[in-house]
Amino acid sequence: MMLRLLRLPALAAATCLVMLSASLPSAYAAEFDARALTEQLARTAPTCGDFKQVRWLEDVGVDVKSQGHFALLGDPVSPEGLVWETTSPIENRLEMRPESGQGPNGEKLSADQQAMAELLINFFHGDWQALEEYFDLTLTGTPEDWQATLTPNNAQLAEAIEHLEIDGSSWLEHLTLNSTDGDRLNLTLTPRSQCAE
């Protein structure tokens, strides 16, 4: 049970993340699509922030709440990794560098873990082209108020994830992950103006 409570969903920890302040000019609103959103998030993605997470565990019928912070590692335009650190109720730090194949404590990531780490970074940084390798995307709204639904088109992911719902403005603000086992994760992301050194 404790291991399950500590486990971060692969794409919500993430992705895990990351995240995403100026909006596109209103002249572009009529052309707002996944490409426009990618460009917007690439320009406005914060390199660090805070998160609040509520996870519904279907088999025990309980909400588990946690909070902490995240940070992209390396170049913000092309991050080399992601730190996802839970500070409450239990301290837990997850650091992933998929390009080097390194996990939280420098150990080698398995192929699946490496793929998930890359997915987390792409997800939080709004790399829709990379995400489309794993999900079918439906995007609605405007640059100032957008929503997207992501449905797995990858058989392995579809075994665990029913769909993802995300929304935001200049950055990714909320994420809901619905698992096939009835579990649900709600994540709220708040960027920081300054990141710790």
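Residues numbered from 1 in each chain as written. Predicted model: local features only at pLDDT ≥ 70, side-chain atom pairs only at ≥ 80, totals over all residues. Heavy atoms only, no water.

K.L.:
Could you clarify how one ought to interpret the side chain of His 163 in this entry?
P.N.:
In this fold, His 163 is placed in strand β7 (residues 161-168). At 3.0 Å, the side chain of His 163 and the side chain of Glu 165 are in polar contact. For His 163, the residues in contact, after removing those within four places along its chain, are Thr 149, Leu 150, Thr 151, Pro 152, Thr 176, Leu 177 and Asn 178. (Helix = DSSP H or I, 4+ residues; strand = E, 2+ residues; numbered from the N terminus. Polar contact = N/O pair within 3.5 Å; in protein donor to acceptor, adjacent residues only side chain to side chain. Contact = heavy atoms within 4.5 Å.)

K.L.:
How do you make sense of the pattern of salt bridges when you look at a structure like this?
P.N.:
Once their charged atoms are close, side chains differing in charge can pair, the charge on each being opposite to the other. A complete count under the given rule lists four salt bridges for this structure. Residue Asp 50 is joined to Arg 192 by a salt bridge in which the shortest nitrogen-to-oxygen separation is 2.8 Å. On the criterion of sequence distance, the pair formed by Asp 50 in strand β1 (residues 48-57) and Arg 192 in the segment after β9 (184-191) is long-range, its members being 142 residues apart. Since its relative accessible area comes to 27%, Asp 50 is described here as partly exposed. With a relative accessible area of 34%, Arg 192 lands in the partly exposed category. A salt bridge links Arg 93 to Glu 85; the nearest nitrogen and oxygen atoms lie 3.2 Å apart. The class of Glu 85 is partly exposed, set by a relative accessible area of 22%. (Salt bridge = Lys/Arg side-chain N within 4 Å of Asp/Glu carboxyl O. Buried < 20%, exposed > 50% of the residue type's maximum accessible area, 1.4 Å probe, protein only.)

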